[in-house]
Amino acid sequence: MAGAQERERVGEVLLAMAADSSVVDKVARAARAASPDVARLPASENLRHIAVLLEAGLAALRGTGEPDFTAAAVLGADRAAQGVPITALLQGVQAGRRCAVEIAIERGRAAGLSPEVILEAMLDFDHYADALERQVISGYHTAELELSRTVRDARTQLLRRLLHGDALTGEELASAGLHPDCRYHCLLSDVSDPIQARSLEQRLSGCGGVFGLVEGRLTGLAARLPATAGFGPDVLVVAAPAAALPDIRARYVWCGTALTAAQRRGLRGLHHLTDLAGETALAAQPALASLLAETLLGALDPGDAFHRQLACTALAYLDHGRRLDQTAAALHIHANTVRYRLGRLAEITGASLEASPAVLPTLRWWWALHTWLTDPPAAPRHLPPA
């Protein structure tokens, strides 16, 4: 058995793990990699739950209090409400568990803990993790039972089937209040929290149709578009043009890509899919985007603040129709400063935005700049010209 001093050292290692955001991120990535259904949820949703679970679990192992399984039960209940199968949920939980054990062992060794002490701590962790998984399952089944008793859940299950491409009978559609001959707008939001989703669903209910959590996000089919206001300052909704029900699946997929593109731009409120058509098309080709950024901007160093300033100025210049005065006003600088930065960018990259103002060259530059700024390479791939 480990002595008091050794247990204190174990506690210090676990305390550092609980406070390290990189641990939460690594465990979340392991869970997402092991379960495609979990990976379809927003990454922030995974991080939120894993952070709480790790904090509670590591606190219990440090002996700072009685084990608290509330977060585990909530995780199970939320995943049931979001339509994640229990087997897929457990795949993610178990992968995260293995990852946390590996990190704990690695850090214990680095801290100079003996193999016996590490083994004892891991046995304690295994005991806690078993109890945690049982609470996840219990929370899931409790929520599943409650949801199965409601008409609302039946409508949500039908919505999921429809958006996943299942063929539904006219009677099934009618049970959800949908009409085969009507056209519906597909709405996709970035809201994943079940409580917030219920609140937004109530605001959208006046549009006619059906709403529910699909792949972790509040989604719906609406007979009429909602008002552009009233969602709250932190909510993003993408709306597709109305379509017949057999065509809804494709529009749902497009809305998903458009939502990701809109999130990267920091957009909020209601946005039409057609208004995001350019960003959506470009977001569907991430490998080509990286190749273009490497080709046009490979001489820039992502770790150089001045280089990032040049790229930001160039992107603002294109966003403002190549107008020096409007770009300067937007950036709160002088027009001559904009001109100077564009010139320096041309010197460093060996290519100029001014070489051709035609649509396609402009598109390539905008796409390259946007990609470089949001997903910069680890290091410059080319040396700057002499």
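Right above here is the structure, for reference.
All figures in this text were calculated on a predicted structure; none of them were measured in a lab.

(A) Structural detail: the overall build of the chain. What the chain contains, in helices and strands, is 17 helices and six strands. Considering only C-alpha atoms, the chain reaches an extent of 70 × 65 × 30 Å along its principal axes. For the chain, restricting intrachain contacts to residue pairs at least 6 apart in sequence, the fraction spanning at least 24 positions comes to 73%. About 19,300 Å² of surface is accessible on the chain, with carbon and sulfur atoms providing 56% of the total.

(B) Local environment of empty space enclosed by the protein. Taken as a whole, this structure holds four cavities of 30 Å³ or more when the rule is applied. Around the largest cavity, the lining comprises 23 residues; the ones closest to its centre are Ile50, Leu53, Val93, Gly96 and Arg97. Contributions of two or more residues to the lining of the largest cavity are made by helix H2 (21–34), helix H4 (43–61), helix H5 (70–81), helix H6 (86–110) and helix H7 (115–148). With seven residues, the top contributor of residues to the lining of the largest cavity is H4.

(C) Quick look at the layout of surface pockets. Taken as a whole, the largest pocket holds about 400 Å³ of empty space. Around the largest pocket sit 20 residues that line it, and Ala81, Leu147, Arg152, Pro194 and Arg198 are the ones nearest its centre. Looking at the lining of the largest pocket, the element that brings in the most residues is H7, giving five residues. A breakdown of the residues in the lining of the largest pocket according to their chemical character gives nine nonpolar, five polar and six charged.

(D) Geometry of the pattern of salt bridges. All told, the structure shown has 12 salt bridges when counted by the stated rule. Between arginine 29 and aspartate 25 there is a salt bridge whose closest N-O contact spans 2.9 Å. Of this pair, arginine 29 and aspartate 25 both sit in helix H2, four residues apart, roughly one helical turn. With relative accessibility at 32%, the residue aspartate 25 sits in the partly exposed group. Measuring nitrogen to oxygen at the nearest pair gives 3.4 Å for the salt bridge that ties glutamate 215 to arginine 40. On the criterion of sequence distance, the pair formed by glutamate 215 in the loop between strand S2 (209–214) and strand S3 (217–222) and arginine 40 in the loop between helix H3 (36–39) and H4 is long-range, its members being 175 residues apart. Using a relative accessible area of 25% as the deciding quantity, one classes glutamate 215 as partly exposed. Assessed through its relative accessible area of 37%, arginine 40 is described here as partly exposed.

Calculation rules
Within each chain, residues carry numbers counting from 1 in the order of the written sequence. A pLDDT threshold of at least 70 governs which residues receive local features in this predicted model, and a stricter bar of 80 or more applies before side-chain atom pairs are shown or counted, although totals over entire chains, interfaces and linings include all residues. Excluding hydrogens and water, the side-chain figures rest on all heavy atoms present in the structure. Think of it this way: any DSSP run of H or I at least four residues long counts as a helix, any run of E at least two long counts as a strand, and we number them from the N terminus. By the convention used here, residues are in contact when the closest approach between their heavy atoms is within 4.5 Å. Accessible areas in this description were obtained via Shrake-Rupley with a 1.4 Å probe; residue shielding takes into account the shown protein chains only. Detection works on a 1 Å grid of protein atoms alone, calling trapped sets that fit a 1.4 Å probe cavities and calling open sets with protein on both sides within 12 Å along at least five of seven lines pockets, with lining residues defined by an atom within 4 Å of a point. Grid points are joined across faces, edges and corners, and a volume is the space filled by probe spheres set on the points. Asp, Glu, Lys and Arg are counted as charged, while Ala, Val, Leu, Ile, Met, Phe, Trp, Tyr, Cys and Pro are counted as nonpolar; the rest, among them Gly, fall into the polar class. Put simply, a salt bridge is a Lys or Arg side-chain nitrogen that is within 4 Å of an Asp or Glu carboxyl oxygen. Note on exposure labels: buried denotes an accessible area under 20% of the residue type's maximum, exposed denotes more than 50%, and partly exposed covers the range between, all computed with a 1.4 Å probe on protein chains only.

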